[in-house]
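Topology and contacts: notes
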Amino acid sequence: MLKVVHLNTYDGNGGAGKACLRLNRALLHENIDSKVIVHYKFGKNPDIGTFNNTMLQKGYTAATIVLERVLGKRYLKPNMRTPFSFAWFGRSVTEHPDVKAADIVHLHWVNHSFLNPTHLAEIAKLNKPVVWTFHDSNAFTGGCHVRYTCDHYQRECGYCPLLKKSDADDISNKIWHQKNEAYKKLNFTIVAPSSWMLNSVLMSSLMKDKAIKQIPNTLDTGIFKPRDKKQAKAALGLPPDKFIFLSGFMPSRKDLHKGTQYLMDSLELLKANRGVSADDIELVIFGNRGTDQLPVFPFKTTFLGTIGSEAKLAECYAAADAFLIPSLEDNLPYTVMESLACGTPVVAFTTGGIPDMVKHEHNGYLAEYKSAESFTAGMEWVIAYATQAQLQKQARDTVMEYFSEQAVAKKHIKLYQQAIKSAGTVNSKA
């Protein structure tokens, strides 16, 4: 039986954590011996392993995660909200029994003092095929996770716009060279979850000699599925006769990555449109941000807070008539996939991997990048769509065809077997 070990920093926190756990579950359903081991474990799931066997080890790991972020502020420009990872701390993973026993080592998101370049290179000593899913851009940059318009990664990082001291030999350049040396030692196959990520990797100077395959993330379509809209709205205490817009984590207007300013502007434009009555629309927001410093929304807004379970989250998507995501750069955001799986169309900017999921005026609306007017047009389009039931069906069908657990698991299994064959190791039959 094929043995796969997945390494991720956290157990389910964020999109990468979800993707890792969902892929693991999909592989288990296909009778693959698949395990997840994390750098720092928040939950109590006994099936998820960790490198911290004692409270002292866990405390040390937590300290290095916090210390990296605190020390990093000395180098980053003030109020810089673009995530950036340094390479000061790390840990060896090669002696863990599940890592040593695996046929395939599958890396996911390995930042926050987990696998720095030194410890990545060390994995080569295992003489095992390595697969690495890129959930953001950090693996091929000098530190940033979100690039926006910066193209330095295509050549050699330096003159980083995020750093206080920015020149040819700045810390981003040093990290770039550390990664370059590590990648010369470690051979791995890259999984790009989106065509946007695939194209980004192909343009990267660090990844020019690496094999790459585009395989999307997956989710449990048995949990994320359509429900009766009126019943779902009633369960959340939402009015059955209003058009419900749902949106996820709501950062401040200053947060560039999530595009909140464009959403606010779009909602205000929608309210100013005489053809739309404010009394007929309600905005629902879920996420872990407090409501004390949020802007005033132009429509009645309900805050659901953090949603603890996937079943409850799926009910939220199913209750909504459309999902709004103003993100300016995202690989393959799970909120989009989850919404579509629940039969809820999506309005988004044409950016990142979102066009891999949202088909314009078929299961949602792709607005012109950074255009509040275009985003508003998308909201107006979905409100006015003649046959809502048909739109909902098209949303669900997209996920079932391209992103179901079975389809994604089979693509990974094929990749694993090819990697084993290429490495010249004994291929285990799944």
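Per chain, the residues get numbers from 1 upward, laid out in the order the sequence is written. Two thresholds apply to this predicted model, a pLDDT of at least 70 for residue-level local features and 80 or more for giving and counting side-chain atom pairs, whereas whole-chain, interface and lining totals are computed over all residues. As a rule here, side-chain values cover all heavy atoms of the structure and leave hydrogens and water aside.

1. Remarks on the sheet that holds strand β13 (residues 364–367)
Here, strands pair whenever DSSP counts at least two bridges between them. Going along the chain from the N terminus, every DSSP run of H or I of four or more residues is numbered as a helix, and every run of E of two or more is numbered as a strand. Read from one edge of the open sheet, six strands run β10-β9-β8-β11-β12-β13, paired in parallel fashion. The strands lining the two open edges of the sheet, one partner per strand, are β10 (300–305) and β13. Shown here is a sheet whose adjacent strand axes are inclined to one another by a mean of 20°, direction ignored. Taken together, the five bridges between strand β9 (residues 281–286) and β10 define a ladder with parallel strand orientation. What sits directly across from leucine 283, in β10, is threonine 301. The criterion used for residue contact is that any of the two residues' heavy atoms lie within 4.5 Å. Only the stretch in contact is used when fitting a helix axis, every axis being a line fitted to C-alpha atoms; angles between N-to-C directions are given from 0 to 180 degrees. Packing against the sheet, helix α10 (residues 334–341) makes contact with β9, β11 (322–325) and β12 (346–349), and its axis sits at approximately 175° to β11.

2. A few points about the pattern of salt bridges
Opposite charge on two side chains permits pairing when their charged atoms draw close. In what follows, salt bridge is the name for a side-chain nitrogen of Lys or Arg lying within 4 Å of a carboxyl oxygen of Asp or Glu. Under the counting rule described, the total for this entry stands at 16 salt bridges. Notably, a salt bridge pairs lysine 184 with glutamate 181, separated by 3.2 Å at the nearest N-O pair. Within this pair, lysine 184 and its partner glutamate 181 are both found in helix α5 (residues 171–185), separated by three residues, close to a single helical turn. Look at lysine 184 and you get exposed, because its relative accessible area is 59%. In this structure, glutamate 282 and lysine 242 form a salt bridge, with 3.8 Å as the shortest nitrogen-oxygen distance. Residue glutamate 282 is found in strand β9, and its partner lysine 242 is found in the loop between α7 (229–235) and β8 (243–247); the two are separated by 40 residues along the sequence. Each member of the pair glutamate 282 and lysine 242 is classed as buried. Burial classification: accessible surface area is computed with a 1.4 Å probe over protein chains only, and a residue below 20% of its type maximum counts as buried, one above 50% as exposed, and the rest as partly exposed.

3. As for the environment of proline 216
Positionally, proline 216 belongs in the loop between β7 (211–214) and α7. On a C-alpha basis, the gap between proline 216 and serine 404 in space is 9.6 Å, while along the polypeptide they are 188 residues apart. Beyond its immediate chain neighbours, meaning those up to four positions away, proline 216 contacts Pro193, Leu332, Tyr402, Phe403, Val408, Lys411 and His412.

4. Some details on unusual backbone geometry
Excluding glycine, residues mostly carry a negative phi; peptide bonds, for their part, are mostly trans. Backbone geometry at serine 113 places phi at a positive 65°, although glycine is not the residue there. Structurally, serine 113 can be placed in the loop between β4 (104–107) and α4 (117–122). Its identity is not glycine, yet tyrosine 148 carries a phi of approximately 55°, on the positive side. Structurally, tyrosine 148 can be placed in the loop between β5 (130–133) and α5.

5. A short note on the environment of lysine 174
In this fold, lysine 174 is placed in helix α5. The exposure class of lysine 174 is partly exposed, given its relative accessible area of 41%. When the C-alpha positions of lysine 174 and glycine 143 are compared, they lie 9.7 Å apart, and in sequence the two are 31 residues distant.

6. Considerations on the state of the cysteines
Cysteine sulfur pairs qualify as disulfides if the two atoms are within 2.5 Å. For the structure on display, the rule yields zero disulfides. Here cysteine 157 is not disulfide-linked; the sulfur of cysteine 150 is the nearest cysteine sulfur, at 6.5 Å. Using a relative accessible area of 7% as the deciding quantity, one classes cysteine 157 as buried. No disulfide involves cysteine 160; its sulfur sits 6.3 Å from that of cysteine 144, the nearest cysteine. For cysteine 160, a relative accessible area of 7% corresponds to the buried category.

7. Observations regarding the packing of α10 against helix α12 (residues 388–402)
To characterise two packed helices, one gives the angle between the axes of the helices and the distance between these axes. Relative to each other, α10 and α12 sit at 120°, their axes nearing to 7 Å. Where α10 abuts α12, its residues Met337, Leu340 and Ala341 lie against Ala395, Arg396 and Val399. Across the contact of α10 with α12, the residue classes tally to five nonpolar, no polar and one charged. As a working rule, the residues Ala, Val, Leu, Ile, Met, Phe, Trp, Tyr, Cys and Pro are called nonpolar, Asp, Glu, Lys and Arg charged, and the rest polar, with Gly in that last group.

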